[in-house]
Amino acid sequence: MSIPVTLYSPGGRRTGTDKVSRANSVAPILEAGMVWAPDTDWAEELVEECAACPNGDNDDMVDVTTMALMRFRQGNFISLATDDAEDGSGSKDLVPEYY
């Protein structure tokens, strides 16, 4: 059994996908309260690092969190109420699925 690996290129300032742009792209997920943080030291550090971004000393955890949330959105594992349905019928017809 193997783990599937896919190529990922985060882009950069020239492509409009720098760290700040990527973090802003997933901000609605956080604003909607769709991310749960357990009551642990590492989660508190992550929240503090996200709050300090982009002016904080470290941003490694912000990068990883942002990339994970982007992947969840792109894979349709999570969606927002403001997302448009492809057939134009609206999100009322969507049935949540859990993985």
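Residues numbered from 1 in each chain as written. Predicted model: local features only at pLDDT ≥ 70, side-chain atom pairs only at ≥ 80, totals over all residues. Heavy atoms only, no water.

Chemist: If you had to explain the overall build of the protein chain to someone new, which residues and values would you point to?
Modeler: When helices and strands are tallied, the protein chain shows 3 helices and 0 strands. What you see in the protein chain, going N to C, is helices and strands ordered as α-α-α. Counting the 99 residues in the protein chain, one finds 15% classified as buried. At a minimum sequence separation of 6, the contacts of the protein chain that also span at least 24 residues come to 47%. As displayed, the protein chain offers around 8300 Å² of accessible surface, 54% of which is attributable to carbon and sulfur atoms. (Helix = DSSP H or I, 4+ residues; strand = E, 2+ residues; numbered from the N terminus. Buried < 20%, exposed > 50% of the residue type's maximum accessible area, 1.4 Å probe, protein only. Contact = heavy atoms within 4.5 Å. Areas by Shrake-Rupley, 256 points an atom, 1.4 Å probe, with all protein chains shown as cover.)

Chemist: Explain the side chain of D63 to me, using residue names and the numbers behind them.
Modeler: On the secondary structure map, D63 appears in helix α3 (residues 60–74). For D63, a relative accessible area of 14% gives the class buried. With near-sequence residues (within four places) excluded, D63 lies in contact with K19 and R22.

Chemist: Just give me the short version of the packing of aromatic side chains, but keep the residues and values in it.
Modeler: Evaluation of the coordinates by the stated rule reveals 1 aromatic pair. With 6.4 Å between their ring centres and 85° between their planes, F72 and F77 make a pair best called edge-to-face. (Phe/Tyr/Trp six-rings, centres within 6.5 Å; stacked < 30°, edge-to-face > 60°.)

Chemist: Account for the environment of R73, with residues named and values stated.
Modeler: Mapped onto the secondary structure, R73 falls in helix α3. Separated by 47 residues in sequence, R73 and V26 place their C-alpha atoms 8.7 Å apart.

Chemist: Break down the packing of helix α1 (residues 19–31) against α3 for me, with residues and values.
Modeler: The geometry of α1 relative to α3 is characterised by a closest axis approach of 9 Å and an angle of 60° between their N-to-C directions. In terms of axis orientation, α1 runs oblique to α3. Pair α1 / α3 crosses with left-handed handedness. Counting all contacts with α1, which are made through K19, R22, A23, S25, V26, I29 and L30, the residues of α3 involved are D63, T66, L69, M70 and R73. When grouped by side-chain class, the residues that make up the contact of α1 with α3 number 6 nonpolar, 2 polar and 4 charged. (Axes fitted to C-alpha atoms, helices over the stretch in contact; angles between N-to-C directions. Parallel < 35°, antiparallel > 145°, perpendicular 65-115°, else oblique. Left-handed = near helix turned anticlockwise from the far one by under 90°. Nonpolar A, V, L, I, M, F, W, Y, C, P; charged D, E, K, R; others polar.)

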